[in-house]
Amino acid sequence: MTITFSKYQGTGNDFIMIDDRTEQFPVDKNLIAFLCHRRFGIGADGLILLRNAENYDFRMVYFNADGGEGSMCGNGGRCTVRFAQDLGLFEESTTFIAVDGEHKAVACEEEIFLNMSDVSGIQHDGNNDFLNTGSPHFVTFVNDIESVEVVNEGKNIRYGDVYGPIGGTNVNFVEVLNNDSLYVRTYERGVEDETYSCGTGVTACALSAHDRLQMESPINVKTRGGNLRVSFAAHEPGKFDSIYLIGPAIKVFEGVFKVDDL
Ligand SMILES: N[C@H](CCC[C@H](N)C(=O)O)C(=O)O
């Protein structure tokens, strides 16, 4: 069989995007892992199906590069919004449904403004925080981010005694650059590697920086793949709403992949 796909990236977090409004994509963990493989397949951090959803412009179904169905993906969400716009499903603003619920988004020229799920609490543990921004995120503040061994240290926390048994976590290392800017590097669960950028992770780090350091919205966040912004409204400590992840989402190419022996 053949699979028609598009490839999108948001600050270097890259996704295979499939128009699956007919729901004919053969969802299979091994197939998705194969398509995401950077040597044998198309290559991506994740695969996203765009499907129809009653009362919404579309549904986003996200899978990590290992083929497992993931929790929410912020950069993937921004890319899906751009894909939906390219398909003509909306012009400027949209409302869609994902695994963590309803999302609104606005497409500007370059940027997608994606409304993220509200956050109801942050767990503190010394220099570390843990919060859920649609996906679980461990956040730790460091002084020299370039010297962090993101993969080794990330793996230890992701598979460690605390988070390993509860399904693991994404792991973010944050350096404060100045009073409104952060630099974030992320070890991503499900990719099991450092990615160039992680949208739910960047969001978690911005909220954590507000909580710990009173950094005000909007916060600029540098990642290996480019720059994002996070705006939010803060209420009681650890509680946030009107959270927006803002940044570019770009179509890279489209193609047809031939899968034998399915
Ligand atoms: N790259 C994604 C995060 C995916 C979350 C996934 N790694 C998981 O928790 O299973 C983002 O931009 O938000």
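Residues numbered from 1 in each chain as written. Predicted model: local features only at pLDDT ≥ 70, side-chain atom pairs only at ≥ 80, totals over all residues. Heavy atoms only, no water.

The name given to the protein chain in an unreviewed UniProt entry is Diaminopimelate epimerase, with the source organism recorded as Runella slithyformis. If you open the UniProt record of the protein chain and go to Subcellular location (unreviewed entry), you find "Cytoplasm". In its Function (unreviewed entry) section, the UniProt record describing the protein chain reads: "Catalyzes the stereoinversion of LL-2,6-diaminopimelate (L,L-DAP) to meso-diaminopimelate (meso-DAP), a precursor of L-lysine and an essential component of the bacterial peptidoglycan." (UniProt positions renumbered as here; feature names shortened; annotations may be inferred.)

1. Things to note about the packing of aromatic side chains
Tallied over the entire structure, the rule returns eight aromatic pairs. When the centroid spacing of 4.7 Å and the interplanar angle of 10° are considered together, the rings of Phe58 and Phe96 count as stacked. Here the residue Phe58 occupies a position in the loop between strand S3 (46-51) and strand S4 (59-64), and Phe96 occupies one in strand S5 (residues 93-98), the gap between them amounting to 38 residues. The same class applies to Phe58 as to Phe96, namely buried. Taken together, the ring pairs connect Phe130, Phe138 and Tyr163 into an aromatic cluster. Across the ring face of Tyr159, the terminal group of Arg158 is positioned such that the distance to the ring centre comes to 4.2 Å. Sitting above the plane of the Tyr183 ring, Lys222 keeps its charged end 4.4 Å from the centroid. (Phe/Tyr/Trp six-rings, centres within 6.5 Å; stacked < 30°, edge-to-face > 60°. Helix = DSSP H or I, 4+ residues; strand = E, 2+ residues; numbered from the N terminus. Buried < 20%, exposed > 50% of the residue type's maximum accessible area, 1.4 Å probe, protein only. Lys NZ or Arg CZ within 6 Å of the ring centre and 35° of its normal.)

2. Focus on the side chain of His103
With respect to the element layout, His103 can be found in strand S6 (residues 101-107). Of note is the side chain of His103, whose polar atom sits 2.7 Å from the backbone oxygen of Asn115. Look past the residues within four positions of His103 in its chain and what remains in contact with it is Met72, Thr94, Thr95, Phe96, Ala98, Leu114, Asn115, Met116 and Ser117. (Polar contact = N/O pair within 3.5 Å; in protein donor to acceptor, adjacent residues only side chain to side chain. Contact = heavy atoms within 4.5 Å.)

3. Quick look at the pattern of salt bridges
In total, this model carries 14 salt bridges according to the counting rule given. The residue Glu111 makes a salt bridge to Arg229 at a minimum N-O spacing of 2.9 Å. Placement of the pair is Glu111 in strand S7 (residues 111-115) and Arg229 in strand S15 (residues 226-234), with a sequence separation of 118 residues. With relative accessibility at 22%, the residue Glu111 sits in the partly exposed group. In the salt-bridge network here, residues are joined through shared partners; they are Lys7, Asp14, Arg38 and Asp45. (Salt bridge = Lys/Arg side-chain N within 4 Å of Asp/Glu carboxyl O.)

4. Here we look at the domain arrangement of the protein chain
For the protein chain, the assigned domains read domain 1 (2-115 + 249-258) and domain 2 (123-245). Listed per partner, the contact involves 21 residues of domain 1 and 23 residues of domain 2. Buried surface at the junction of domain 1 and domain 2, summed over both partners, amounts to about 1,500 Å²; 44% is from carbon and sulfur atoms. A per-residue breakdown of the area domain 1 buries against domain 2 is headed by Thr11, Ser71 and Asn115, which together make up 29% of the total. In this assembly, domain 1 and domain 2 are joined by 11 residue pairs in polar contact (both at pLDDT 80 or more). Among the elements of the structure, S4, helix H2 (74-86) and S7 are those that each provide at least two residues to the side of domain 1 that touches domain 2. For the side of domain 1 that touches domain 2, the leading source of residues is S7, giving five residues. In the side of domain 1 that touches domain 2, the residues fall into seven nonpolar, nine polar and five charged. (Domains from an automatic or database assignment. Buried area = accessible area lost by both parts, 1.4 Å probe. Nonpolar A, V, L, I, M, F, W, Y, C, P; charged D, E, K, R; others polar.)

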